[in-house]
Structures are given as C-alpha cells and as structure tokens.
Amino acid sequence: MGEDKTDIRLVDLSDAEALAAHLARDRAAFARWEPAQPDEYYTVAGQSARIERLLDQHGQGRSWPGVVVADGVVIGQVTAGTIIAGPFRKASLGYWIGSPHQNRGHARRASTLLLERMAGDLGLHRAEASTQLENLPSQRVLKAVGFSPYGIAHDHIFVNGAWRDGLLWELTLGD
Ligand SMILES: CC(C)(COP(=O)(O)OP(=O)(O)OC[C@H]1O[C@@H](n2cnc3c(N)ncnc32)[C@H](O)[C@@H]1OP(=O)(O)O)[C@@H](O)C(=O)NCCC(=O)NCCS
C-alpha cells in the first residue's frame, strides 16, 4: 500500500461520534497504554462533554487538541497539552490512532504536523513526551520525528492497574 495522506485539525464537537466509536472499539487494546476511563467516556455524550472541556482548555491557551484525519475520516487524536508559557514555552505531545489505521505512518506524520504548529503558530520552544518503557510503537514514532530520550520517571502514571515508569522524551523546537 502507498503512503496514506494525513492531516490534523482542531477537534470539533461534530467529532464526538467518530472518537467514541474508535475509543469504544479499542478500549481493551488501549487499556495497556492509556489511563482507565469510566463507561461514559466511550459514548457520544461522554466524548461531547470531553471535547467541550478540551476546547475550553484550548480557549485558555492551555492546549491544542487536534484530531488526525485521513481521506476525510477522523482516525485518532494528536494533542499539544500542558502548554507552559513564560521562560519555558513548552508543551507535551500525545496521540493515539484507531487500530484499523495503525502502522501506516499516521502518528508519525500527524506528530510532525503538530510539531510544526507548536514551533510556528503556538510559538513554543520545547516539546516533551512520555511513553511506557514497553511501548515500542510509540517510541518509534517519537524517534522518527526527532525526539531523544532523557530520563526515566519512576512510578510515573497509573495505567492498567499499577504505577508504571515513564520514559521521558524531549525535542528542542527552535527559538
Ligand atoms: C502509538 C501509536 C499512536 C502509533 O500510531 P501509528 O499510526 O501506528 O504509528 P506509525 O505508523 O507512525 O509508526 C508506528 C511505528 O511502530 C512500529 N511498530 C509497530 N508495532 C511494533 C512493535 N510491536 N514493536 C516495535 N515497533 C513496532 C512500526 O513499525 C512503526 O515504526 P517505523 O515507522 O519505524 O516502521 C498507536 O499504536 C496507538 O494509538 N497505540 C495505542 C495508544 C498509545 O500507545 N498512545 C501513545 C501513548 S504514549
């Protein structure tokens, strides 16, 4: 198969149905990597409420919550979260891609597009990310888009019933 086209845009309330469908289908597959959520999270109503919160944070300049689009269809999310201004000018990169669309380079291309926006429109100087030590696909994405690992945060995140260490990643974006 040739390269699929990948685009990103700001999440919209009309994305609730697509996001709920992906997250409900992949609930078990993502449980190893993503924090547990209440049942409501996997419904259109739950995603609508979540998108409202994300857009509210965006309005306050705290995040850039995006969706990943391929061939006009929403296939995942990519987010610049925890934007910190002042002398740091940094944010954390996060993403997921629906399982039928994985391993086609979408996360890599979506991350590159968001990093361009972080360095450009958002005026950020530094990007950070964290992965579990075992999340090799996510680590491949970060390496491919230029991140380097710089340390381990112990007992960093509660996922899948236990506190997990986090591998910390950094990328300097420019001035
Ligand atoms: C991590 C994730 C976003 C990657 O999305 P994707 O669109 O499949 O990513 P890409 O196709 O751009 O790249 C995936 C890379 O992982 C590699 N990969 C896939 N499965 C792998 C495995 N089991 N072991 C090692 N590498 C693997 C692919 O070969 C590819 O690397 P390459 O481009 O160097 O060949 C996706 O798997 C996902 O949503 N996972 C569940 C949620 C998650 O882990 N989120 C991130 C939390 S930090």
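Heads up: the structure comes first, above all this text.
Computed from a prediction, not measured in an experiment: that's the story for all the values here. (Residues numbered from 1 in each chain as written. Predicted model: local features only at pLDDT ≥ 70, side-chain atom pairs only at ≥ 80, totals over all residues. Heavy atoms only, no water.)

J.: What's the story with the packing of aromatic side chains in this structure? I'm lost.
T.: Two descriptors summarise a pair of aromatic rings, namely the distance from one centre to the other and the angle between the planes of the rings. Under the criterion given, the structure shown has three aromatic pairs. Seen from their ring centres, Tyr41 and Tyr42 are 5.2 Å apart, and the 75° between their planes marks the pair as edge-to-face. On the accessibility criterion, Tyr42 (15% relative accessible area) is buried. Directly above the aromatic system of Tyr150 lies the positively charged group of Arg126, at a separation of 5.5 Å from the ring centroid. (Phe/Tyr/Trp six-rings, centres within 6.5 Å; stacked < 30°, edge-to-face > 60°. Buried < 20%, exposed > 50% of the residue type's maximum accessible area, 1.4 Å probe, protein only. Lys NZ or Arg CZ within 6 Å of the ring centre and 35° of its normal.)

J.: It is not clear to me how the pairing of strand β6 (residues 148-159) should be interpreted in this structure. Could you clarify?
T.: Looking down a regular strand, the side chains alternate between one sheet face and the other. Looking at chain direction, β6 and strand β7 (residues 162-172) are connected through eight bridges and run antiparallel. Considered in β7, the bridge of Pro149 is made with Trp169. In sequence, β6 turns back onto β7 through a hairpin of two residues, with Asn160 there showing a positive phi of about 55°. (Pairing = 2+ DSSP bridges. Helix = DSSP H or I, 4+ residues; strand = E, 2+ residues; numbered from the N terminus.)

J.: For this particular structure, what's the right way to read the pattern of salt bridges?
T.: Two side chains that carry opposite charge are able to pair once their charged atoms sit near each other. Per the stated rule, a full pass over the model turns up seven salt bridges. Measuring nitrogen to oxygen at the nearest pair gives 2.9 Å for the salt bridge that ties Asp26 to Arg25. One salt bridge in this structure joins Arg117 and Asp121, with 3.4 Å as the shortest N-O distance. Judged by relative accessible area, which is 31%, Arg117 ranks as partly exposed. (Salt bridge = Lys/Arg side-chain N within 4 Å of Asp/Glu carboxyl O.)

J.: It is not clear to me how the site of the ligand should be interpreted in this structure. Could you clarify?
T.: Taken together, 20 residues are adjacent to the ligand, and Ile97, Asn103, Gly105, Asn135 and Arg140 come closest. At 2.6 Å from an oxygen atom of the ligand is found a main-chain nitrogen or oxygen belonging to Asn103. Relative to its unbound accessible surface of 960 Å², the ligand loses 74% to contact with the protein. Within the residue set of the shell around the ligand, elements represented by two or more residues are β4 (90-97), α4 (106-119) and α5 (136-144). (Near = heavy atom within 4 Å. Polar contact = N/O pair within 3.5 Å; in protein donor to acceptor, adjacent residues only side chain to side chain. Areas by Shrake-Rupley, 256 points an atom, 1.4 Å probe, with all protein chains shown as cover.)

J.: Please clarify how helix α1 (residues 16-25) should be interpreted in this entry.
T.: In an α-helix, one turn spans 3.6 residues, which is why side chains three or four residues apart end up on the same side. For α1, the set of buried residues is Ala16, Leu19, Ala20, His22 and Leu23. The buried residues of α1 occupy an angular sector of 165° when projected down its axis, which confines them to one face. Buried positions along α1 lie against α2 (27-30), α3 (44-59), β2 (64-70), β3 (73-84) and β4. (Arc of directions from axis to C-beta. Contact = heavy atoms within 4.5 Å.)

J.: Honestly, α4 in this entry has me stumped. Any pointers?
T.: Between its first and last C-alpha, α4 extends 20 Å over 14 residues, near the 20 Å set by a 1.5 Å rise per residue. Taken residue by residue, α4 has His106, Ala107, Arg109, Ala110, Ser111, Leu114, Leu115 and Met118 as its buried positions. (Expected span 1.5 Å × (residues − 1).)

J.: Help me out: how do you make sense of the pairing of β7 in this one?
T.: Looking at chain direction, strand β5 (residues 126-132) and β7 are connected through seven bridges and run antiparallel. Of the residues in β7, the one forming a bridge with Ser130 is Leu168.

Function cannot be read off these values alone, since they describe shape.
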